Each structure stands twice: as structure tokens, then as C-alpha cells.
Amino acid sequence: MKKLTAMLLILAMTAGLAGCKTSTPAAEPEPAAENAGQSAEEEQPPVEEAAAGEVKNIGIAIYSMAADSCVGVVEEAKRVAEKYGWTITLLDADGDPATQADQMNTLVSQKVDAIILNPTDTTSLKPSIEAAVEAGIPVFGVGMEMDDACMSLLVSFAGMDDYTIAAANFEWVAKTYAGTDAKCALISGTAGTDSTNKTEQAMEDVLKDTDIISVGSFDGNYDAAQAMSITEDLLVRNPDLTVIVCQDHVMAGGAASAIADAGKTGEVAVVATVGMSEYLEYVEDGSIDCAAYVLLYKAGGFAVEALHDYFEGSELAEKYYLAPFMATKDNVEDAKNIQFDFNPAK
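Residues numbered from 1 in each chain as written. Predicted model: local features only at pLDDT ≥ 70, side-chain atom pairs only at ≥ 80, totals over all residues. Heavy atoms only, no water.

> Would you explain the environment of Lys-198 in this entry?
Among the structural elements, Lys-198 can be located in helix H7 (residues 194–207). Exposure remark for Lys-198: the relative accessible area of 3% places this residue in the buried category. Measuring from C-alpha to C-alpha, the distance between Lys-198 and Ala-166 comes to 7.7 Å, with 32 residues separating the pair along the chain. At a separation of 3.4 Å, a polar atom in the side chain of Lys-198 contacts the side chain of Asp-161. (Helix = DSSP H or I, 4+ residues; strand = E, 2+ residues; numbered from the N terminus. Buried < 20%, exposed > 50% of the residue type's maximum accessible area, 1.4 Å probe, protein only. Polar contact = N/O pair within 3.5 Å; in protein donor to acceptor, adjacent residues only side chain to side chain.)

As C-alpha cells, this is what we get:
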């Protein structure tokens with residue numbers, strides 16, 4: 001319980017990349033990675049300096065540096081940029097789409113060589129992206145997808161597919177609780193956003209031919225306190241509840257805390273998408289039973305590498321996705337050593 005209390009103290013500062021949601025059609029689920037890569041230390045080794053070349057100035061329009069994962073995106077981008085002797089110009093929108101639109105225009109006026117965009121909104125940034133493209137500045141999206149009109153303007157994109165990630169979580173639930181008439185609730189992100197729509201669709205698709213009983217989807221708005229309150233209510237209304245699936249690790253912390261307070265840890269499972277390595281500790285101690293683990297902040301470094309290839313004349317895929325590693329107490333040590341790779345979307 002002490003660990004959960006400590007976790008909740010930092011949840012308010014951890015919004016993740018969840019503020020940037022998608023509105024592209026749902027893809028068919030891909031199998032979750034059993035072993036998504038090779039061993040790697042959490043602290044990245046120094047990158048070797050590349051041969052001297054033209055110095056590029058890369059603008060980063062970030063969602064909010066108040067979010068740990070956004071900090072990770074920027075740190076990864078800087079780490080790789082250093083290898084090429086490139087500079088980074090960082091502008092922080094603090095979660096505000098209007099601010100980010102202005103910042104995109106600032107980067108265009110500064111004539112940066114490329115822009116890495118971690119968007120605050122799925123639709124409103126189209127004019128700003130168009131302005132960059134018209135000025136000959138490639139825009140590389142990271143984090144969460146925007147609508148088709150915006151995505152079509154990008155030179156490429158690196159992130160994750162919300163449907164695939166959610167399907168992996170519900171497939172674990174369906175396999176683990178098959179034949180038990182288990183009751184499952186979803187604490188989703190923000191109602192009406194594409195990622196939440198995809199998550200709810202994945203729940204429906206995966207569970208429809210099973211004996212798992214859905215008790216509904218509840219909007220947690222990526223807020224730990226709200227998820228905690230929802231869970232408290234769910235436990236009262238559904239005393240035989242079996243499992244709660246959370247759309248991100250922030251809400252999972254709130255759900256796990258409410259379950260612990262009710263004395264039901266080990267009785268009511270928590271399954272979640274986890275995007276920060278620190279949260280593996282809660283898989284290890286049983287607070288989170290299964291995590292679709294994916295280090296999305298690695299997109300920052302990948303974007304810089306991809307832009308280097310682009311400037312060297314290489315053709316980029318339209319989208320690159322990470323596959324999740326399904327982490328449980330049994331394999332959490334393996335999860336700690338995973339090297340995630342971005343692969344072209346199928």
C-alpha cells in the first residue's frame with residue numbers, strides 16, 4: 001500500500017502521451033510481442049558520433065513537458081541529435097492547441113530544417129502543418145495519431161496503434177479468465193476521442209465470443225483520482241467484479257489504490273497499457289496484474305534517426321508502430337530488458 005500511495009503522488013505529473021489521440025480507422029489487431037527485442041539497459045549508452053555532415057536544426061513542438069513521457073521524447077531526440085551534431089529547438093505547448101499552432105508557425109518562421117510534432121489536438125493543427133510543408137519543412141509526427149487530413153501531410157509518424165494495444169489487453173483477459181464468467185470493466189480515456197473509440201471497439205471485438213461479461217466503459221480522463229473514484233463505485237455496484245482494464249498506467253494507479261483500500265488486491269485484477277518503465281514495479285508487486293508495456297517515448301530518438309535517413313535520400317514508411325510486450329509478474333524481469341523497435345505499420 002505504501003508503494004501505491006507513493007505512486008499516486010506522482011500520477012498527477014504523469015499524463016503520458018495520451019493527450020494526443022487518433023481519428024484514423026481501426027486496424028486489425030496484431031499479435032502482441034512475446035519478446036519485442038534484445039536486452040538493453042534502461043539508461044541509454046552514449047551514442048557514437050557520426051561523420052561530420054550538414055548541421056540541422058530540428059524543431060520539437062511538444063504536447064507538454066509536464067508529462068514524464070514527453071520529457072522522455074525530448075531527451076531521446078536530443079541524445080540522437082547529438083550524434084549528428086544537430087541542434088534542437090524545443091517549444092512546449094503545455095497541452096494547449098492554440099499555443100502549439102502559434103509555436104508551429106514560430107518554428108516555420110525560424111526556418112528549422114524539420115519539425116517533430118507531438119500534437120495537442122487531432123484536427124486543429126492542419127493549417128500549421130500545411131504552412132510548414134509549403135515552406136519545405138518536413139513534419140514528423142510522434143505519440144498519437146491525428147485525423148487523416150493531418151496525417152497525410154506528415155513525412156512519417158512513429159507511435160502505437162491504440163486498437164492493437166487494447167486488443168492485446170483484452171486478449172489476455174479472455175485467455176486468463178476463460179470459462180469463469182468473469183466480469184470485466186473498462187476505465188477509458190476521454191470519451192469520443194479516437195483512441196477511446198478504438199479501445200472500446202477492441203473490448204467489444206475480443207470479448208464478444210467469450211463468456212467474459214462486460215459491465216461497461218467508464219471515462220477516467222487519464223486522471224488517477226477519477227479512476228480511483230470510478231473503481232470504488234464499481235466495487236460497490238459489482239461485488240463480484242473480476243478485472244478492470246485501464247487505458248493507461250495513470251488510471252491503473254488509481255484503480256489499484258482503490259482495490260487495495262477495499263482489501264481486494266489479488267481478488268480484482270488490474271490490466272493496463274503501461275508506457276513508463278517505473279510502472280513495472282507495480283507489475284512486480286502484483287498491484288497491476290498484466291501490462292501491455294510499450295515505451296512510446298522512444299519515438300523521439302527514432303524520429304531524429306528517421307529524419308537523418310530522410311535527408312540522406314531514404315524513403316520513409318507512412319507510419320511506424322511499436323508492438324507491446326505483455327508483462328506479468330512471471331516475466332517482468334524480461335520486460336525490464338526489452339529493446340523496443342519501431343516497425344513499418346502493416
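Additional details are given in the paragraphs that follow.
> I'm lost on helix H4 (residues 126–134) in this one. Help?
Side chains that are three or four residues apart share a direction in an α-helix, a result of its 3.6 residues per turn. Taken as a whole, H4 has its buried residues at Ser-128, Ile-129 and Ala-132. Projected onto a plane normal to the axis of H4, the buried residues spread over an arc of 100° and lie on a single side. In H4, those exposed residues whose orientation departs by more than 90 degrees from the buried face are Pro-127 and Glu-134. Where the residues of H4 are buried, they touch helix H3 (97–109), strand S3 (114–117), strand S4 (139–143) and helix H5 (148–151). Remark: Gly-136 follows H4 within two positions and exhibits a positive phi of approximately 80°. (Arc of directions from axis to C-beta. Contact = heavy atoms within 4.5 Å.)

> Honestly, the pairing of S3 in this entry has me stumped. Any pointers?
Working note: regular strand, side chains alternate between the two faces of the sheet. Residues of S3 alternate between two faces, with Ala-114 and Ile-116 on one and Ile-115 and Leu-117 on the opposite face, all of them buried. Read as a crossover between parallel neighbours, the route from S3 over H4 to S4 is right-handed. (Right-handed = clockwise from strand over helix to strand, strands pointing away.)

> Looking at this structure, I do not really get the packing of aromatic side chains. What am I missing?
Here the distance between the centres and the angle between the planes together describe a pair of aromatic rings. Scanning the model with the defined rule gives nine aromatic pairs in all. Taken together, a centroid distance of 6.5 Å and an interplanar angle of 70° make the contact between Phe-140 and Phe-302 edge-to-face. Residue Phe-140 is found in strand S4, and its partner Phe-302 is found in helix H11 (residues 299–311); the two are separated by 162 residues along the sequence. By way of ring pairs, the aromatic residues Tyr-84, Trp-86, Tyr-310 and Phe-311 are connected into one cluster. Directly above the ring of Phe-311 sits Lys-56, whose terminal nitrogen or CZ lies 4.4 Å from the centroid. (Phe/Tyr/Trp six-rings, centres within 6.5 Å; stacked < 30°, edge-to-face > 60°. Lys NZ or Arg CZ within 6 Å of the ring centre and 35° of its normal.)

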